[in-house]
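Report on the structure
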Amino acid sequence: MPKVLNVGGNDKSIPLPGFYEGWDHVMLDIDPSTNADVICDARDLGTRPAAEFDSIHCSHNLEHYFAHDVRRVLTGFAHVLVPEGFVFLRVPDIAQVARAMATRNLDIDDVLYVSPAGPILVKDVIYGWGAKIEASGVDFFAHKTGFTIKSLSGALAVAGFSPVYMGVTDYEIQAFAFKQPPDAAARARLGLPATD
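Notes on the structure in this doc start here. (Residues numbered from 1 in each chain as written. Predicted model: local features only at pLDDT ≥ 70, side-chain atom pairs only at ≥ 80, totals over all residues. Heavy atoms only, no water.)

**Section: the overall build of the chain**
Just so we agree on the cut-off: Strands here mean DSSP runs of E at least two residues long; helices mean DSSP runs of H or I at least four residues long; both are numbered from the N terminus. Computation of the radius of gyration draws on C-alpha atoms alone. For the globule rule, the value is 2.2 Å times the number of residues to the power 0.38. Burial classification: accessible surface area is computed with a 1.4 Å probe over protein chains only, and a residue below 20% of its type maximum counts as buried, one above 50% as exposed, and the rest as partly exposed. In what follows, a contact means two residues having at least one pair of non-hydrogen atoms within 4.5 Å. In short, Shrake-Rupley with a 1.4 Å probe defines the accessible areas, and a residue's cover is counted only from the protein chains shown. In this tally, Lys and Arg are treated as positive and Asp and Glu as negative; His is ignored, and so are the chain termini. Charge placement uses NZ in Lys and CZ in Arg. For Asp and Glu, CG and CD serve respectively.
Looking only at helices and strands, the chain features 6 helices and 9 strands. Rg of the C-alpha trace for the chain: 17 Å, near the compact-globule value of 16 Å for 196 residues, within the 12% margin. Counting only residues that meet the buried cut, the chain has 43% of its 196 residues in that class. Of all intrachain contacts in the chain linking residues separated by at least 6 positions in sequence, the fraction that spans at least 24 positions is 56%. Accessible area of the chain: about 9800 Å², with a carbon and sulfur share of 56%. For the chain, the separation between the mean place of its 16 positive charges and that of its 24 negative charges on side chains is 5 Å.

**Observations regarding helix α5 (residues 149–158)**
Selection rule: Relevant arc is that of directions from the helix axis to the C-beta atoms, nothing else.
Of the positions making up α5, those classed as buried are L152, A155 and L156. Here the buried residues of α5 occupy an arc of 100° about the axis, which is enough to place them on one side. Where the residues of α5 are buried, they touch α1 (67–80), β5 (81–92), β8 (164–169) and β9 (172–178). One or two residues past the end of α5 sits G160, with phi positive at roughly 100°.

**Some details on the nonpolar core**
Note the following rule: For our purposes a nonpolar core is just a set of buried Ala, Val, Leu, Ile, Met, Phe, Trp, Tyr and Cys residues, chained together by side-chain atoms within 4.5 Å.
Core analysis: the largest hydrophobic core is formed by 32 residues, its most contacted members being L62, F77 and L89. Looking at this core, the elements that each hand over two or more residues are β1 (3–7), β2 (24–29), β4 (53–59), α1, β5, α5 and β9. Among the elements that make up this core, the one with the highest residue count is α1 (6 residues). Aside from chain neighbours lying at most four places away, what touches L62 is V70, V73, L74, L89, V91, T145, F147 and L152. Core analysis: the second largest hydrophobic core is formed by 12 residues, V4, L16, W23 and F86 among them.

**Topic: the sheet that holds β2**
Adjacent strands of a sheet form backbone hydrogen bonds with each other and so pair up, either parallel or antiparallel. Which entries qualify depends on this criterion: If DSSP finds at least two bridges between two strands, the strands pair. Axis definition: a line fitted to C-alpha atoms, over the contacting stretch in the case of helices. Angles run 0 to 180 degrees between N-to-C directions.
Here we have 7 strands laid out as an open sheet, ordered β3-β2-β1-β4-β5-β9-β8, and mixed in their pairing. In this open sheet, the two strands that pair with only one neighbour each are β3 (38–39) and β8. Pairing analysis gives 5 bridges linking β1 to β2, with the strands arranged parallel. Paired with K3 across the strands is D24, a residue of β2. On top of the sheet, α5 reaches β5, β8 and β9; it is set at about 155° to β8, its chief contact.

Structure representation (structure tokens):
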């Protein structure tokens, strides 16, 4: 059974994307109170055994590291990933936020959009969801860096990932990153182009 490492997942009851159906879901978190399978700072993944996971799922976690630590986190992902494996990343798209501020004349305290959890302010996307940070008292929930398609693509390339497939949704970048070109079955399962 293939294994996916859910980095910073916070709660295993949060569903993973459908392409992980039937996979062994291993959760990593820095916070012991989450009851994660692996209690570890993602900056330390390089100390774990090599090639132990078929995929890394990292949704809205990479922005919680300082910019100078992003390479260390991504290099750790590459280390624990099997050669034919992939990383699935989701991060806020700071370029879209900046465009919305300019075109909609939004201030940092204005509502950018409304999520199922409630209103999300411009500053929540830039600095981290203020309501959660305040309620939890956990400073790690703050955002310490941000990404655009160009900056995320560059960070993945520096960490050794190629090819990388990116797309954007509302205020979010999604990326599939590989250490080697995916085969036809992986491309079909993940909805990637048949050829590059």
